[in-house]
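Each chain, letter by letter, is given below.
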Amino acid sequence: MRDQTISDFLDRLAARVPAPGGGASAALHGAQAAALLGMVARYSDGRKHAEHERVIGRVLAEADALRDEALQLAEDDAAAFTSVTDAYRLPKATEEERATRSAAIAEALVAAAGPPARTIDVARRLVGLAEELLPVGNRNVITDVAAATEAARAAATTARVNVEINLAGIGDERIRAELAGRAAGVDEIADRAERVTAAVREEIAK
């Protein structure tokens, strides 16, 4: 996926194939958010922002790392969802085959919920970086902080439904509760993102 053109990825996304799908799209929202924050941090380097050099440097390093992590999550999600569809295709003619198939589906659903759950975590960290960068970043690119935050919000809300769709098929109550808890945290991420965007809009309206 890393080496595809944007056009090729969108063609694949639009095709009648199991993956990539919404989970990969969620992760790519996160990657775009990270890239935008990295860009703002790079524009905030120099003498005018010297007093905030440490914060900006840390935001830059973490944003670049999160961009790579989000790209990997997009690839992981596509692979995990393919495993789910493969599990559903297993034979079910005998009782033994049905038991094997059911176990494979349950295992694949747990694995499939993993990348979007981690995407939610990435989105939370990205919104936190935006909150830190907003007051100290270059004002000429302040709208890109909002753009990054909105992309992070989209990553979280899109990933949430991709976690939730897998919950019903997961028999392990501990795992299901842990995943449901991570999904439940998305409202807080979205609220924080809204506040960042509102602050940017207020500033550019002055």
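Look above for the structure.
Residues numbered from 1 in each chain as written. Predicted model: local features only at pLDDT ≥ 70, side-chain atom pairs only at ≥ 80, totals over all residues. Heavy atoms only, no water.

> Would you explain the packing of helix H2 (residues 22-43) against helix H3 (residues 53-88) in this entry?
If you want to describe how two helices pack, look at the angle between their axes and the distance between the axes. Two elements in contact, H2 and H3, have axes separated by 8 Å at closest approach and are oriented at 160 degrees. Considering their axes alone, H2 and H3 lie roughly antiparallel with respect to each other. The chirality of how H2 crosses H3 is left-handed. Touching Gly-23, Ala-24, Ala-27, Leu-28, Gly-30, Ala-31, Ala-34, Ala-35, Leu-37, Gly-38, Ala-41 and Arg-42 of H2 are Ile-56, Leu-60, Ala-63, Asp-64, Leu-66, Arg-67, Ala-70, Leu-71, Leu-73, Ala-74 and Asp-77, all from H3. Each residue belonging to the contact of H2 with H3 can be placed in one class, and the counts come to 16 nonpolar, three polar and four charged. (Axes fitted to C-alpha atoms, helices over the stretch in contact; angles between N-to-C directions. Helix = DSSP H or I, 4+ residues; strand = E, 2+ residues; numbered from the N terminus. Parallel < 35°, antiparallel > 145°, perpendicular 65-115°, else oblique. Left-handed = near helix turned anticlockwise from the far one by under 90°. Contact = heavy atoms within 4.5 Å. Nonpolar A, V, L, I, M, F, W, Y, C, P; charged D, E, K, R; others polar.)

> Sorry, what's going on with the nonpolar core here?
A general tendency of soluble globular proteins is for nonpolar side chains to be buried together. Formed by 55 residues in total, the largest nonpolar core has its most connected members in Leu-37, Leu-126, Leu-133, Val-163 and Leu-179. Listing elements by their share of this core, those giving two or more residues are H2, H3, helix H4 (95-133), helix H5 (142-167), helix H6 (173-184) and helix H7 (186-204). Counting residues per element, this core draws most heavily on H4, at 14 residues. Not counting the four nearest positions on each side in its chain, Leu-37 is found in contact with Ala-63, Leu-126, Leu-129, Ala-130, Leu-133 and Ala-148. (Core = buried A, V, L, I, M, F, W, Y, C linked by side-chain atoms within 4.5 Å. Buried < 20%, exposed > 50% of the residue type's maximum accessible area, 1.4 Å probe, protein only.)

> I'm lost on the side chain of Arg-160 in this one. Help?
Within the element layout of this structure, Arg-160 appears in helix H5. Among the polar contacts made by the side chain of Arg-160, one reaches the side chain of Asp-187 at a distance of 2.9 Å. Not counting residues within four places of it along the chain, the set of residues in contact with Arg-160 comprises Ile-120, Ala-183, Val-186 and Asp-187. (Polar contact = N/O pair within 3.5 Å; in protein donor to acceptor, adjacent residues only side chain to side chain.)

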